[in-house]
Amino acid sequence: MSRDATPLMQQYHEIKARHANAILLFRMGDFYEMFYDDAETAARVLGLTLTSRNNGGAAEVPLAGVPVKAVTEYLRRLVQQGFRVAICEQVEDPRLAKGIVRRAVVETVTPGAVFEDELLDGQRHNFLCALCAAGAMLGIAAADVSTGAFRLALVPIDDAAATLARFGPREVLVARGSTGPHTHGVRLNGVLVTEREEWEFDFALAREELSRRFAVHSLEGLGLAPEADPAIGAAGALLRYLGELQPGGIPHLMPPRLEQGSTVMPLDEMTRRNLELVEPLRGDLGDEGHAGTLLSVLDRTRTAMGARLLREWILAPLRQRDGIDDRLAAVAALVHTPVVCATLRGELQEVRDVERLAGKTAAGRATPRDLRALGDSLARLPRIAQVAREAGAGGLLRTVLDSWDTCDDLVGDLQRHLVERPSATLGDGDVIASGVDVQLDEFRALRDGGRDAIAGIQATERSRTGIASLRVGYNRVFGYYIEVTNANRHLIPPDYQRRQTLTGAERYVTPALKEYEEKVLGATERIETRERELFDALRARIGGQVSRLQHAATRVAILDVVAALADVAAGEGYCRPELVESFDLEIVGGRHPVVERMMPRDRFVPNDVRLSPDARMMIVTGPNMAGKSTILRQVGLIVLMAQMGSFVPATRARIGLVDRVFTRVGASDNLARGQSTFMVEMAETSAILHLATRASLVLLDEIGRGTSTYDGVSIAWAVSEHLHDRLGCKTIFATHYHELTQLADELVALRNYNVAVREVGDTIVFLHRLQAGGADRSYGIEVGRLAGLPAAVIARARAVLRLLEGEQLVAGLAQRPEAGPPPSDRVERSAPVGGAQLGLFTAPDPIVERLCAVDVEQTTPLEAIRILGELSAAARARPVQS
Ligand code: ADP
Ligand code: MG
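None of the values given here were measured: they were computed from a predicted structure.

Criteria and thresholds
Sequence order sets the numbering: in each chain, residues are counted from 1 along the sequence as written. Ligands are numbered from 1 and chains lettered from A, in the order in which they are written. For this predicted model, a pLDDT threshold of at least 70 governs which residues receive local features, and a threshold of 80 or more governs which side-chain atom pairs are given and counted, while totals over whole chains, interfaces and linings are taken from all residues. Only hydrogens and water are set aside when side-chain values are computed; all heavy atoms of the structure are taken into account. Helix and strand assignments come from DSSP, with helices taken as H or I runs of at least 4 residues and strands as E runs of at least 2, each series counted from the N terminus. With a 1.4 Å probe rolled over the protein chains alone, any residue whose accessible area is under 20% of its type maximum counts as buried; one over 50% counts as exposed, and the rest are partly exposed. Computed by Shrake-Rupley with a 1.4 Å probe, the accessible areas treat only the displayed protein chains as cover when residues are assessed. What pLDDT reports is the predictor's confidence in each residue, on a scale of 0 through 100. Contacts were defined at the residue level, with two residues in contact if any of their heavy atoms lie within 4.5 Å. Each aromatic pair joins two rings of Phe, Tyr and Trp (for Trp, the six-membered one) with centres within 6.5 Å, and gets the label stacked for planes under 30 degrees apart, edge-to-face for over 60, and tilted for any other angle. Put simply, a charge is over a ring when the Lys NZ or the Arg CZ is close to the ring centre, within 6 Å, and near the line of the ring normal, within 35 degrees. At least two bridges found by DSSP between two strands is the condition for calling them paired. Every axis in this analysis is a line fitted to C-alpha atoms, fitted for helices over the stretch in contact. Angles between the N-to-C directions lie between 0 and 180 degrees. Nearness of a residue to a molecule or strand requires only that one of the residue's heavy atoms be within 4 Å of it. N or O atoms within 3.5 Å of each other form a polar contact, as long as, within protein, one can give a hydrogen and the other can take it, and as long as residues adjacent in sequence are counted only when both atoms are side-chain atoms. Buried Ala, Val, Leu, Ile, Met, Phe, Trp, Tyr and Cys residues form a nonpolar core when they are joined through side-chain atoms within 4.5 Å. By definition here, a salt bridge exists when the distance from a side-chain nitrogen of Lys or Arg to a carboxyl oxygen of Asp or Glu is within 4 Å. By definition, the arc is the one covered by directions from the helix axis to the C-beta atoms. Any angle between 65 and 115 degrees counts as roughly perpendicular, while under 35 counts as roughly parallel, over 145 as roughly antiparallel, and the rest as oblique. Here is the rule for handedness: rotate from the far helix to the near one, and if that takes an anticlockwise turn smaller than a right angle the crossing is left-handed, while a clockwise turn gives right-handed. Note on residue classes: Ala, Val, Leu, Ile, Met, Phe, Trp, Tyr, Cys and Pro are nonpolar, Asp, Glu, Lys and Arg are charged, and everything else, Gly too, is polar. The length a helix should cover is 1.5 Å for every residue beyond the first.

Participant: Which residues make up the overall build of the protein chain, and what values go with them?
Facilitator: Along its length, the protein chain carries 27 helices and 26 strands. Relative to its 882 residues, the protein chain shows a buried fraction of 51%. Total accessible area computed for the protein chain in this model is approximately 40200 Å², and 52% of it derives from carbon and sulfur atoms.

Participant: Give a detailed account of the confidence of the model for the protein chain, specifying residues and quantitative values.
Facilitator: A residue-level look at the protein chain finds 89% of positions with pLDDT of 70 or above and a mean pLDDT of 85. No element of the protein chain has a lower mean pLDDT than helix α25 (residues 823-830), at 35, and none a higher one than strand β18 (residues 585-590), at 98. Within the model, the stretch residues 181-187 combines pLDDT values under 50 with 13 contacts to residues more than four positions away or in other chains. With pLDDT under 50 throughout, residues 284-288 is counted as low confidence; its partners more than four residues away or in other chains account for 3 contacts.

Participant: Quick rundown of the packing of aromatic side chains? Include the residues and the values.
Facilitator: Enumeration according to the criterion identifies 8 aromatic pairs in this entry. Residues Y12 and F26 carry aromatic rings whose centres are separated by 5.3 Å and whose planes lie at 85° to one another, so their mutual orientation is edge-to-face. Pair noted here: Y12 is in helix α1 (residues 7-18) and F26 is in strand β1 (residues 23-28), with a separation of 14 residues, a long-range link. Aromatic ring contacts, followed pair by pair, group Y12, F26, F35 and Y36 into a single cluster. Over the ring of Y32 we find R27, and its NZ or CZ is 5.5 Å from the ring centre. Cation over ring: R507 sits above Y481, and NZ or CZ is 4.1 Å from the ring centre.

Participant: Mind laying out the environment of G249, listing which residues take part and the relevant values?
Facilitator: Counting through the fold element by element, G249 comes out in the loop between α6 (229-245) and β12 (257-259). Here the alpha-carbon distance between G249 and L239, two residues 10 residues apart in the chain, equals 9.4 Å.

Participant: Tell me what's going on with the sheet that holds strand β16 (residues 505-509), and back it up with residues and numbers.
Facilitator: With respect to topology, 4 strands assemble into an open sheet ordered β13-β14-β16-β15, the strand pairing being antiparallel. The sheet is open, and its two edges are formed by β13 (471-475) and β15 (497-501), each paired on a single side. For this sheet the average axis-to-axis angle between neighbouring strands, irrespective of direction, equals 40°. Summarising the sheet, β15 and β16 pair through 4 bridges and their orientation is antiparallel.

Participant: Quick one: what's the story with the site of ligand 1, residue by residue and with numbers?
Facilitator: In the vicinity of ligand 1 lie 13 residues, with V605, M625, K628, S629 and T630 positioned nearest. Here M625 contributes a backbone N or O atom positioned 2.6 Å from an oxygen atom of ligand 1. Broken down by element, the residue count for the shell around ligand 1 peaks at 3 residues, all from helix α20 (residues 628-644).

Participant: So what's going on with the nonpolar core? Residues and values would help.
Facilitator: In this structure, L277, L298, L334 and L378 are the most contacted members of the largest nonpolar core, which totals 115 residues. Looking at this core, the element that brings in the most residues is helix α19 (residues 546-572), giving 15 residues. Formed by 33 residues, the second largest nonpolar core is a distinct cluster that contains C132, L210, F214 and L242.

Participant: Report on the environment of R597, specifying residues and quantitative values.
Facilitator: Within the secondary structure layout, R597 lies in the loop between β18 and β19 (607-611). Separated by 300 residues in the primary sequence, R597 and V297 have C-alpha atoms spaced 8.2 Å apart. Those residues in contact with R597 that sit more than four places away from it in its chain are V297, R300 and E572.

Participant: Talk me through the sheet that holds strand β17 (residues 578-580); I want residue IDs and the actual numbers.
Facilitator: Reading across the sheet, the 4 strands line up as β17-β21-β18-β19 and stay open at both edges, with mixed pairing between neighbours. Only two strands of the sheet have a single neighbouring strand rather than two, namely β17 and β19. Along the sheet, successive strands turn relative to each other by an average axial angle of 15°, direction set aside. Sheet topology note: the β18/strand β21 (residues 652-656) ladder contains 4 bridges and is antiparallel. Paired with E586 across the two strands is R654, which belongs to β21. The strands that α20 touches are β17, β18, β19 and β21; relative to β18, the one it contacts most, it runs at about 110°.

Participant: An account of the pattern of salt bridges is needed here, citing residue identities and associated values.
Facilitator: Side chains that carry opposite charge are capable of pairing whenever their charged atoms lie near each other. Under the definition given, this model contains 53 salt bridges. Among the salt bridges present, the one from R464 reaches E461, with a minimum N-O distance of 2.9 Å. Here R464 pairs with E461, and both are found in helix α17 (residues 438-465), just 3 residues apart, close to one helical turn. Taking relative accessible area as the criterion, R464 reaches 44% and is therefore assigned partly exposed. Note that E533 and R530 form a salt bridge whose closest N and O atoms lie 2.5 Å from each other.

Participant: Please set out helix α16 (residues 408-417) residue by residue, giving values where relevant.
Facilitator: Those residues of α16 that sit buried are L410, V411, D413, L414 and H417. Here the buried residues of α16 occupy an arc of 165° about the axis, which is enough to place them on one side. Those residues of α16 that are exposed and angled more than 90 degrees off the buried face are D408 and R416. Those residues of α16 that are buried lie in contact with α13 (368-378), α18 (511-543) and α19.

Participant: Describe the packing of helix α11 (residues 338-349) against α19, with residues and values.
Facilitator: Packed helix pairs are characterised by how far apart their axes lie and by the angle those axes make with each other. Viewed as axis vectors pointing N to C, α11 and α19 meet at an angle of 135°, and their least axial separation amounts to 10 Å. Here α11 lies oblique to α19, going by the angle between them. When the axes of α11 and α19 are compared, the crossing they make is left-handed. Of the residues in α19, those touching α11 at C341, L344, R345 and L348 are V556, L559, D560, A563, A564, A566 and D567. Of the residues belonging to the contact of α11 with α19, the class tally is 8 nonpolar, no polar and 3 charged.

Participant: Tell me about the side chain of T663, and please be specific about residues and values.
Facilitator: Mapped onto the secondary structure, T663 falls in strand β22 (residues 661-665). Overall, T663 belongs to the buried group, its relative accessible area being 1%. If near-sequence neighbours (up to four positions away) are discounted, T663 is found in contact with M270, T271, N274, L275 and L699.

Participant: For the side chain of E586, give the residues involved together with the corresponding values.
Facilitator: For E586, the position within the fold is in strand β18. Looking at E586, its side chain comes within polar contact range of the side chain of R610, at 3.2 Å.

Participant: Go over helix α10 (residues 321-335) with me, naming the residues and quoting the values.
Facilitator: Compared with an ideal rise of 1.5 Å per residue, which puts 15 residues at 21 Å, α10 spans 20 Å between its outermost C-alpha atoms and is within 8% of the ideal. Taken together, the buried positions of α10 are occupied by I324, R327, L328, A330, V331, A332, A333, L334 and V335. Packed against the buried residues of α10 are α9 (304-315), α11, α15 (396-402), α19, β17 and α20.

Participant: Please provide a residue-by-residue account of the pairing of strand β26 (residues 763-772), values included.
Facilitator: Each regular strand carries side chains that alternate between the two faces of the sheet. Relative to β26, strand β25 (residues 750-760) runs antiparallel, the two being bridged by 7 bridges. Bridge pairing links V760 to T763 in β26. Counting the residues in the hairpin turn of β25 and β26 gives 2 residues, including G761, whose phi is positive at 60°.

Participant: So, the packing of α17 against α18: which residues are in play, and what are the values?
Facilitator: α18 packs onto α17 with a crossing angle of 155° between their chain directions and a minimal axis gap of 8 Å. One finds that α17 runs roughly antiparallel with respect to α18. Crossing of α17 over α18 shows left-handed handedness. In this structure, α17 contributes Q439, L440, F443, R444, L446, R447, G450, R451, A453, I454 and I457 to the contact, and α18 contributes A512, L513, Y516, E517, V520, A523, T524, R526, I527, R530, E531 and L534. Grouping the constituent residues of the contact of α17 with α18 by class yields 13 nonpolar, 3 polar and 7 charged.

Participant: Any details on the environment of V411? Residues and values, ideally.
Facilitator: You can see V411 is positioned in helix α16. You can call V411 buried: its relative accessible area is 10%. For the pair formed by V411 and D376, sequence separation is 35 residues and the distance between their alpha carbons is 7.5 Å. The residues touching V411, leaving out its near neighbours within four places in the chain, are G375, L378, A379 and T406.

Rendered as structure tokens:
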């Protein structure tokens, strides 16, 4: 800090020193100013003009400012870009200040702690997560300050990335220096990582803090056993951080709920992405749009709470039958009563984001309109319950309705106190209804009386002066005035005092006018004060009931999700899956929920898939574009949908509960990730081999593709053996290496399937039908032809293929060594890739090339004769080959 700094800049430096890691918005009158690096960052990120300010004797200081009125938009952009922003206000009235106005940071907004709806995506939670590792376990605390949601999870480090990805935090707190080994494997791309002191994660401190905060004697009361320590430590650090960000506290944070790792299926990033659960594979840019995802098909929710919950359900399928059946029974109840379902969804449509409104209310941030919206939304609760009961209250519906709180008292309080359409802010029109407060009504009568009297003045003055165009008006600067046009100026009486001159008129006041004005303005001021008092009291009363509001919001959300799932199920012809504890998986007439929506109805070809202990591995072969990936993904999606409690796109589905679904896509099918290295593919495959159990479903799509054919086939071969022999899990392996079909000779529980194509002359037609047996060939050349490769290239490819096939490339592959060297050794010995020997690189025959290039149908007879002449000349000119 410069010694010659002006007092203002000294104050700035003092405050900035305490908020060094945030962009400081420094309130100066009608602007928030940023200085130094902050100014330069803001200029870059927000496109503001960079100016400078003279700092006393010191050098010029870079400066950028935003108007107070527009701050929300700038704040949104800064936070979206992952910046932390500290808002420093003037905390005393500048008119009363002696010297420099006192200033203080009243709030810090960071990507992980945002209240304002304007800054948030209503469709998803905005989680701040804290991570605390202990041994092989990772504790995760996740809080959304806008809704008060507070979750704890305790997971093996191996599952950490999957669990964290499910919360999808915008910001993550970690102990200083722990980003190395502790959070190893957790991908933190695009997320603000905030380092905190290690002691803040202390278990004992955290226990104390949690007990105090949620007023419980022991944390067992919150369902937190000592084993949950890492999660508790994370919660402690998170609470402390929130306390710093919001000196006013977060009164609406719900008691934390510990997620039992065993109840929820962890979905790793690859599976989430490849099955396109909530975001499409292409287009991780831009946060907008989930078109082409499972979420986009299922999201028929009507409320923001419902949309958020649906997203959570999709990302956290259940592992236990009871929970799943509970949800399915509720969906079924609404599927069977379509009219009830439609009515219910109509009612839900009118419900605003009660969860976030409740949070804002408790935090003292709700505007008059927010409170009114809250009241109007709550007012629908009785009707919603009444409608839902007509569905027969199966499963989860019963649980929800049995604990339904209609919040009548709160609705009454809100509706009695607030006018029907309150102004957006206080002091900008009526907020509190009449008849609520005697004092307020009196002030209003005074104000209205004064206004009437003033209106009366216009009439009396017109007749007194004889100026018919005389009028009484009001503006903020001069108050009430009498306006007379210049043409009538000579008629004004002597008691008129001039206040303002306009081009065509003059404005005057009279003592009588001023007297009423004082009455009106005095009353207006008192009305404002009184309204503020009443409003604050109302907001505090309602905010005090935040847990009831959150409870109600949760129930509305569940109804909304269940109704949405029922609506999709009925509209798209889904069936209720039967969940069983056994191993079997049986899908009859299964469809891909997203792909089928991209084509005309009934164009999608349904397929059956059956897996059982003695037929637990499926190899699906077929040419490119046949539909292998689609089959594979549809099985994954159907299982996940079933376990989240949704109906599934099939005519019948019997699903043995799975503990996890793994999906891996070979490197070249995975271009969207931009890192199509074979290494990544192998690392991911290796993770499956370590994590999968017999109860898992493993979906492998073209694994081994990222390397040469021989390596690829060998790896795929070995991976299949391992999955089949050691893990015994359900596996579907899609591959265009038809060589792999020979695996069936070795692996007893492996079945070959192929996706049917029909050869029509030289070309093929995709039937998209799965059938038993391996594809005998790849049809790659036919696909190339369909894709428009030139005829000459196709002909040459056919010739090369014949040569290659003659060499019996994969001879010996099927003879699996009992123990010892992997099959790849044999492959290389028995089938050397000597391209030149196969004639791959001998020069093409110009005569054949020319012949192939002829499009007979487009050739006139005359031209044909000319070409024939050319060719025969060329042939005769050629030396005879030995
Ligand atoms: P592959 O993985 O065998 O190359 P895909 O699964 O990517 O093939 O499918 C290619 C295209 O074929 C899909 O984009 C879709 O348009 C179509 N398709 C796949 N399966 C079906 C089906 N069962 N019914 C209708 N069209 C399908
Ligand atoms: Mg594919």
